[in-house]
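Observations on the model geometry
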Amino acid sequence: MLLLLTLGVPAGAGQGNLRLDSLFQALHSTTDAAYAESVEEHIWDFWLDHPDPAMVRDMRAGVLSLNGDDYESALRAFDAVVARDPSYAEGWNKRAATHYMLGDYRSAMLDLRHALSLEPRHFGALVELGLVYLALGDEKPALRAFDAALKINPHLGRVRAQADALRHRAAGTDL
């Protein structure tokens, strides 16, 4: 496994893990909600993983700050993460979430697009992108982002409900 990490897999190796393909296939094909939740947790574990202990430390500090509504501290931590390893998609995704919470939707969108360029299957980033579009009042691209997330992970119940509400509103049949 160590050989794999040093040959051909980016330093932000979470998204480069070869086992992710089978997890995404399982996530898409299962109808068992409990199993889907377990698979989704494993995907997030891979995305958060990084071979550099300093990166793991900064990510943990950033997540704790983000969860504690200390967005300025979170932003500093995630700035350090993306500066240290620009190939680490989850660093960009977490920094985007912080920008979103600060109301900086342009920066959030830029970071989300970067995260998605590194990990196109990042359903979390797609959901966040939809939320950014909603915050900007742009429902059509929000719906496209939500639908893209659901295509990858059909078990996102709240996202499905949001997408359905947008579809109904667009059709003139508010729920």
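The structure reproduced in this document is the subject of the present report. Worth saying up front: this structure is predicted, and the values here are computed from it rather than measured. (Residues numbered from 1 in each chain as written. Predicted model: local features only at pLDDT ≥ 70, side-chain atom pairs only at ≥ 80, totals over all residues. Heavy atoms only, no water.)

Turning our attention to the environment of Val159. Considering the arrangement of structural elements, one finds Val159 in helix H10 (residues 157-170). For Val159, a relative accessible area of 11% corresponds to the buried category. Taking C-alpha positions, Val159 is 9.9 Å from Leu131, a pair spaced 28 residues apart along the chain. (Helix = DSSP H or I, 4+ residues; strand = E, 2+ residues; numbered from the N terminus. Buried < 20%, exposed > 50% of the residue type's maximum accessible area, 1.4 Å probe, protein only.)

The computed volume of the largest pocket comes to approximately 290 Å³. Together, Trp44, Leu48, Val63, Leu66, Asn67, Asn93, Lys94, Ala97, Tyr100, Met101, Glu128 and Leu131 line the largest pocket. Elements with a contribution of two residues or more to the lining of the largest pocket: helix H3 (33-48), helix H4 (53-67), helix H6 (89-101) and helix H8 (123-135). In terms of residue count, the dominant contributor to the lining of the largest pocket is H6 (5 residues). Classifying every residue of the lining of the largest pocket by side-chain character gives 8 nonpolar, 2 polar and 2 charged. (1 Å grid on protein atoms, 1.4 Å probe; cavity = no way out; pocket = protein on both sides within 12 Å on 5 of 7 lines; lining within 4 Å. Points joined across faces, edges and corners; volume = space filled by probe spheres on them. Nonpolar A, V, L, I, M, F, W, Y, C, P; charged D, E, K, R; others polar.)

Residue placement: Asp111 occurs in helix H7 (residues 105-118). Among the residues examined, Asp111 registers a relative accessible area of 4% and is labelled buried. At 3.5 Å, the side chain of Asp111 and the side chain of His99 are in polar contact. Leave out the neighbours within four places in its chain, and Asp111 touches Trp92, Arg95, Ala96 and His99. (Polar contact = N/O pair within 3.5 Å; in protein donor to acceptor, adjacent residues only side chain to side chain. Contact = heavy atoms within 4.5 Å.)

With that settled, consider the pattern of salt bridges. This model, assessed by the stated rule, comprises 10 salt bridges. One salt bridge connects Arg121 with Asp21, and the closest N-O pair in it is separated by 2.5 Å. Residue Arg121 is found in the loop between H7 and H8, and its partner Asp21 is found in helix H2 (residues 20-29); the two are separated by 100 residues along the sequence. We classify Arg121 as partly exposed; its relative accessible area is 25%. In this structure Asp21 comes out as partly exposed when scored by relative accessible area, which is 47%. Notably, a salt bridge pairs Arg121 with Glu119, separated by 3.1 Å at the nearest N-O pair. The exposure class of Glu119 is buried, given its relative accessible area of 2%. Sharing partners across several salt bridges, the network here consists of Asp21, Glu119 and Arg121. (Salt bridge = Lys/Arg side-chain N within 4 Å of Asp/Glu carboxyl O.)

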